[in-house]
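# Structural overview for review
The lines below spell out each chain.
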Amino acid sequence: MRYLPYHVGARACHLREEVNRPGLDNMKLTVVSPTFNEAENISALITELERALAGLDYEIVISDDNSPDRTWALVEEIGRLNPRIRVLRRYHKPGLGWSVIDGFSRARGDLLACIDADLQHDPAVLPTMIECLEGGADLVVGSRYVHGGSVGDWRFWRRAESWLATKLAHWLTGIRICDPMSGYFLLRQCDFLDVKDRLDGQGFKILLELAANMPRARICELPYSFRKRRSGRTKLSRRVIFAYCSQLWRLSRLSHGRKNK
Ligand SMILES: Nc1nc2c(ncn2[C@@H]2O[C@H](COP(=O)(O)OP(=O)(O)OP(=O)(O)O)[C@@H](O)[C@H]2O)c(=O)[nH]1
Ligand SMILES: [Mg+2]
């Protein structure tokens, strides 16, 4: 994998026929946000995204695991007035990873972005991420760990945990992304469709899954400052940490198998 500065010549998308499915209006960008119990944040996220994307042809897909706090109902209501906003109310295969895969699979945009719903990712960075992809990158990552990025006011132990999780990802998978844990990224729909059937949504970190399956991707990391969760509660739990470790182990086997070929 190589890191890119911005403009290196645009790359054509070779799967246009598959992307342009009849009956669907294609558009430039689909932003997918996976949600579970984010009712307190979702309206603010949509407002910030709309502000950042003004002038672009986009849709926002909220991929919600049938949240008990009825996040999906709020989005349905917003979507009644604004056709750019859709909700995917999911009942099967719950989890962040599967939600993003499902959202991307139903997207109508040529470009696919993923963003958390709790406003920790600044939507204002998205237009620069799009420029970077159009400049030739295949995977653009919002990064806290490149020059200019930051984790905000995390305490020592949260920094240490994140450092360890990042190093483990580097050691075990060989993925050379400074912030492989990022949930903020952008890629082309054709590239997603290329690897979709190989993705496993079990792990919490869908970017790692994508990067491991796109070994030749040109990666560009753009700095952003991680903000405080606006409202509601984190979903990070022991179960999620365990899922992350088993994801790393599985991806390390994948990268090992590739090296031995
Ligand atoms: N659909 C779906 N979304 C989820 C699930 N778990 C988390 N999410 C969403 O994924 C995003 C990231 O989850 P967070 O709990 O904020 O995780 P985090 O950002 O790594 O941790 P914090 O820094 O503590 O917020 C949020 O938009 C969550 O609502 C899930 O099981 N299903
Ligand atoms: Mg969060």
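This is a predicted model, so every value here is computed, not measured.

Helices and strands together make up the secondary structure of the chain, namely nine helices and eight strands. A burial count over the chain gives 40% of its 261 residues as buried. Within the chain, residue pairs in contact and separated by at least 24 positions form 83% of the contacts whose partners lie at least 6 positions apart.

If you check the shell around ligand 1, you find 21 residues, and the closest are Pro34, Ser99, Ala117, Thr234 and Lys235. Broken down by secondary-structure element, the contributors of at least two residues to the shell around ligand 1 are strand 2 (27-35), strand 3 (58-64) and helix 4 (96-105). At three residues, strand 2 tops the list of elements feeding residues into the shell around ligand 1.

Membership of the largest hydrophobic core comes to 60 residues, with the highest contact counts inside it found for Val32, Leu112, Ala113, Leu139, Val140, Phe185 and Leu186. Here this core takes six residues from helix 8 (residues 206-213), the largest share from any one element.

Let us now look at the pairing of strand 7 (residues 185-188). Burial along strand 7 is two-sided: the residues Phe185 and Leu187 and Leu186 and Arg188 are all buried. Looking at chain direction, strand 5 (residues 109-114) and strand 7 are connected through four bridges and run antiparallel. Bridge assignment links alanine 113 to a residue of strand 7, and that residue is leucine 186. In terms of strand pairing, strand 6 (residues 139-143) meets strand 7 through three bridges, oriented antiparallel. Note on strand 7: the bridge partner recorded for valine 141 is phenylalanine 185.

For the chain, per-residue confidence averages 89 on the pLDDT scale, and 90% of positions sit at 70 or higher. Considering only residues more than four positions removed or in separate chains, one finds that residues 1-23, a stretch of pLDDT under 50, has 37 contacts.

Inspection of the secondary structure puts arginine 144 in the loop between strand 6 and helix 6 (156-173). By C-beta crowding, arginine 144 is classed as buried, having 25 other C-beta atoms within 10 Å. Along the chain, arginine 144 and proline 180 lie 36 residues apart, while their C-alpha atoms are 9.9 Å from each other.

Although it is not a glycine, asparagine 37 adopts a positive phi angle of roughly 55 degrees. One can find asparagine 37 in the loop between strand 2 and helix 2 (39-52). Although it is not a glycine, leucine 119 adopts a positive phi angle of roughly 70 degrees. You can see leucine 119 is positioned in the loop between strand 5 and helix 5 (126-134). Using a count of 19 C-beta atoms within 10 Å as the deciding quantity, one classes leucine 119 as partly exposed.

A word on helix 3 (residues 71-81). The complete set of buried residues in helix 3 reads Thr71, Trp72, Leu74 and Val75. Angularly, the buried residues of helix 3 cover 155 degrees about the axis, an arc narrow enough to put them on a single face. Along helix 3, the residues that are exposed and aim more than 90 degrees away from the buried face are Arg80 and Leu81.

With that settled, consider the packing of helix 2 against helix 3. Where helix 2 meets helix 3, the closest approach of the two axes is 9 Å, and the angle between their N-to-C directions is 30 degrees. Put simply, helix 2 runs roughly parallel to helix 3. In the crossing of helix 2 with helix 3, the sense of the turn from one axis to the other is right-handed. Packed against helix 2, whose contacting residues are Ala39, Ile42, Ser43 and Ile46, the element helix 3 presents Thr71, Leu74, Val75 and Ile78 at the interface. The class makeup of the residues in the contact of helix 2 with helix 3 is six nonpolar, two polar and no charged.

Further remarks concern the environment of arginine 188. Here arginine 188 shows up in strand 7. Take arginine 188: there are 21 C-beta atoms within 10 Å of it, and that puts it in the buried class. Between the alpha carbons of arginine 188 and aspartate 110 there is a distance of 6.0 Å; along the sequence they are 78 residues apart.

A few words on helix 8. Among the eight residues of helix 8, seven are classified as buried, and the element is accordingly described as predominantly covered. The complete set of buried residues in helix 8 reads Ile206, Leu207, Leu208, Glu209, Leu210, Ala211 and Ala212.

About the criteria used
Residues numbered from 1 in each chain as written. Chains lettered and ligands numbered in written order. Predicted model: local features only at pLDDT ≥ 70, side-chain atom pairs only at ≥ 80, totals over all residues. Helix = DSSP H or I, 4+ residues; strand = E, 2+ residues; numbered from the N terminus. Buried ≥ 20, exposed ≤ 12 C-beta atoms within 10 Å, placed from the backbone. Contact = placed C-beta atoms within 7 Å. Near = placed C-beta within 6 Å. Core = buried A, V, L, I, M, F, W, Y, C linked by C-beta atoms within 7 Å. Pairing = 2+ DSSP bridges. pLDDT = per-residue confidence, 0-100. Arc of directions from axis to C-beta. Axes fitted to C-alpha atoms, helices over the stretch in contact; angles between N-to-C directions. Parallel < 35°, antiparallel > 145°, perpendicular 65-115°, else oblique. Left-handed = near helix turned anticlockwise from the far one by under 90°. Nonpolar A, V, L, I, M, F, W, Y, C, P; charged D, E, K, R; others polar.

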